[in-house]
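Read off the chains here:
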Amino acid sequence: MIRWTNYPKNKKITDIGLSVVKAFEKHESEISSTNNNHLIGSGSTDSHSNSVLFKVSKSLIDIGFQVEVGKKKSEKINVPVLFGEQGKALQSFDADAYFAEKGFVLEVEAGRAVTNYQFLKDYFQACVMVDVEYLAIAVRQIYNKQKDYETVCSFFDSLYSSGRLNTQLKGILIIGY
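In this text the structure is predicted, and so the values were computed from the model without any measurement.

A. Summary view of the overall build of the protein chain. A tally of helices and strands in the protein chain yields six helices and eight strands. Overall, the protein chain shows an N-to-C arrangement of helices and strands of β-α-α-α-β-β-β-β-β-α-α-β-α-β. A compact globule built from 177 residues would reach a C-alpha radius of gyration of about 16 Å, and the protein chain, at 16 Å, matches this within 12%. Across its three principal axes, the protein chain shows a C-alpha extent of roughly 50 × 40 × 30 Å. When burial is assessed residue by residue, the protein chain has 47% of its 177 residues classed as buried. Pairs at least 24 residues apart make up 68% of the contacts formed inside the protein chain by residues separated by at least 6 positions. Charged side chains in the protein chain number 21 positive and 20 negative. The centres of these two groups are separated by 3 Å.

And the structure:
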């Protein structure tokens, strides 16, 4: 079962967020970490997240997302952070998927999600991306017997409950696949 939690918890999930969840649910049998607690692809954690992104990409494109199709510069999705003279982007970050009109960024993570705190990097980057209002982070439910989805949700529970760190993001969606 695909699990998900939307933050802040006192706000209803957006229609686009629900569509992203449905894209993952559509491919649950192929991507589930609870049924297939192994890495797909060449064995690296990066190849697994790319494999999951590839499997859900058509569903995301059908919704209206641009989706990263490879590792070459021309295949990546750049979201601007800073602008310089003549409005030229000085700094940008890559996103796995981006729906510009909805201000929605999606990041798909695998083994590095918690082990290397990749979800925190995703959060930081989304916070500083121009015109981004929503972030979804998809993580494995289980990785090497660790409960990554629950760990990430616990972090955001603490973040929102403390009230000490404010962000311009209107919502964060955590998806456990």
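B. Spotlight on the pairing of strand β8 (residues 171-176). Counted residue by residue, β8 has six buried out of six residues, so it is predominantly covered. Covered by surrounding structure in β8 are Gly-171, Leu-173 and Ile-175 together with Ile-172, Ile-174 and Gly-176, the residues of both alternating faces. Pairing between strand β1 (residues 3-7) and β8: five bridges, direction antiparallel. Among the inter-strand pairings, Trp-4 is bridged to a residue of β8, identified as Ile-175. Inspection of the sheet shows strand β7 (residues 134-139) paired to β8 by six bridges, in the parallel sense. Bridge assignment links Leu-135 to a residue of β8, and that residue is Ile-172. Handedness of the crossover is the feature at issue here: the chain leaves β7, passes through helix α6 (residues 148-162), returns alongside β8, and the resulting connection is right-handed.

C. Structural view of the side chain of Gln-118. Structurally, the position occupied by Gln-118 is in helix α5 (residues 118-128). When near neighbours in sequence (up to four residues on either side) are disregarded, Gln-118 contacts Glu-109, Arg-112 and Ala-113.

D. Quick look at the environment of Ile-63. As for its placement among the helices and strands, Ile-63 is situated in helix α3 (residues 45-63). Residue Ile-63 is classed as partly exposed on the basis of its relative accessible area of 25%. For the pair Ile-63 and Ser-19, spaced 44 residues apart in sequence, the C-alpha separation works out to 7.2 Å. Beyond its immediate chain neighbours, meaning those up to four positions away, Ile-63 contacts Ile-16, Ser-19, Val-20, Ala-23 and Phe-99.

E. Just the confidence of the model for the protein chain, in detail. Mean pLDDT for the protein chain: 92, with 93% of residues reaching 70 or above. For residues 39-46, every residue scores under 50 in pLDDT, and the model assigns this stretch 17 contacts once sequence neighbours within four places are set aside.

The rules we used
Residues numbered from 1 in each chain as written. Predicted model: local features only at pLDDT ≥ 70, side-chain atom pairs only at ≥ 80, totals over all residues. Heavy atoms only, no water. Helix = DSSP H or I, 4+ residues; strand = E, 2+ residues; numbered from the N terminus. Rg over C-alpha atoms; globule rule 2.2 N^0.38 Å. Buried < 20%, exposed > 50% of the residue type's maximum accessible area, 1.4 Å probe, protein only. Contact = heavy atoms within 4.5 Å. Lys, Arg positive; Asp, Glu negative; His and termini not counted. Charge placed at Lys NZ, Arg CZ, Asp CG, Glu CD. Pairing = 2+ DSSP bridges. Right-handed = clockwise from strand over helix to strand, strands pointing away. pLDDT = per-residue confidence, 0-100.

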